[in-house]
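# Residue-level structural notes
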Amino acid sequence: MQDSIFTKIINGDIPSYKVYEDEMVLAFLDIHPVQPGHTLVIPKKQIEFVWDLPEEDYQAVMDVAKKVALRLREVLGVKYVGERIVGVDVPHAHVQIIPFNTVDEYKQPQNMTDDPDFAALAAMAEKLRF
């Protein structure tokens, strides 16, 4: 299996804006956020689908997703934090955690054509890191 972009991030081959890391899970900011603070939570094992993760890894990802969601709510002061598991864009299990205040904010499509705002991502990572 070829390394996914997420495995390359885990290995340090591609930079990221880390929010949280432990021995099993990494959480980092999406460079094309739906809303500021949009975070991806991934297992360090490259397995394509969340539902195929061994129970221990699945539980670790979900535990970190909850920690990240609570951190987003606390730091950003948003009313809601949504969770998405889609699994079609990168062949590496991941959970999207998205802070928002209105349904329109949550449903906003990702803009994959604009260049990432690296300064804003760095500032957000600094605020959220734990």
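As shown above, the structure is provided for reference.
The following paragraphs examine the structure supplied in this document. (Residues numbered from 1 in each chain as written. Predicted model: local features only at pLDDT ≥ 70, side-chain atom pairs only at ≥ 80, totals over all residues. Heavy atoms only, no water.)

## What about the sheet that holds strand β5 (residues 95-100)?
Stated precisely, the cut-off is as follows: By this definition, two strands are paired if DSSP reports at least two bridges between them. Only DSSP runs of H or I covering at least 4 residues are called helices, and only runs of E covering at least 2 are called strands; the numbering of each starts at the N terminus. What counts as an axis is a line fitted to C-alpha atoms, over the stretch in contact for a helix, and the angles between N-to-C directions run from 0 to 180 degrees. By definition in these notes, contact holds between two residues if any of their heavy atoms fall within 4.5 Å.
A sheet is described by the order of its strands in space; here five strands give the open sequence β1-β2-β3-β5-β4, paired in antiparallel fashion. The sheet is open, and its two edges are formed by β1 (18-21) and β4 (80-84), each paired on a single side. Here the strands of the sheet are splayed against their neighbours by 20° on average, with no regard to which way each runs. Examined bridge by bridge, strand β2 (residues 25-29) and strand β3 (residues 39-43) share five bridges and lie antiparallel to one another. Note on β3: the bridge partner recorded for Val25 is Pro43. Along the sheet face, helix α2 (residues 55-76) touches β1, β2, β3, β4 and β5 and points at about 15° away from the line of β5.

## Regarding the layout of surface pockets
What counts, and what does not: As defined here, a cavity is a set of points on a 1 Å grid over the protein atoms alone where a 1.4 Å probe fits but cannot get out. A pocket is an open set with protein on both sides within 12 Å along at least five of seven lines, and residues line them when an atom is within 4 Å of a point. Grid points are joined across faces, edges and corners, and a volume is the space filled by probe spheres set on the points. Polar here means any residue outside two lists: the nonpolar Ala, Val, Leu, Ile, Met, Phe, Trp, Tyr, Cys and Pro, and the charged Asp, Glu, Lys and Arg; Gly therefore counts as polar.
In this model, the largest pocket occupies a volume close to 400 Å³. In terms of lining, the largest pocket is formed by 20 residues, of which the most central are Ile5, Phe6, Asp30, Ile31 and Leu40. Per element, the largest residue contribution to the lining of the largest pocket is three residues, and it comes from helix α1 (residues 5-10). Considered class by class, the residues forming the lining of the largest pocket number 13 nonpolar, five polar and two charged. A volume near 280 Å³ is recorded for the second largest pocket. Around the second largest pocket, the lining is made up of 19 residues, and of these Ile31, His32, Pro33, Asp117 and Leu121 lie nearest the centre. When the residues that make up the lining of the second largest pocket are grouped by side-chain class, the tally is nine nonpolar, six polar and four charged.

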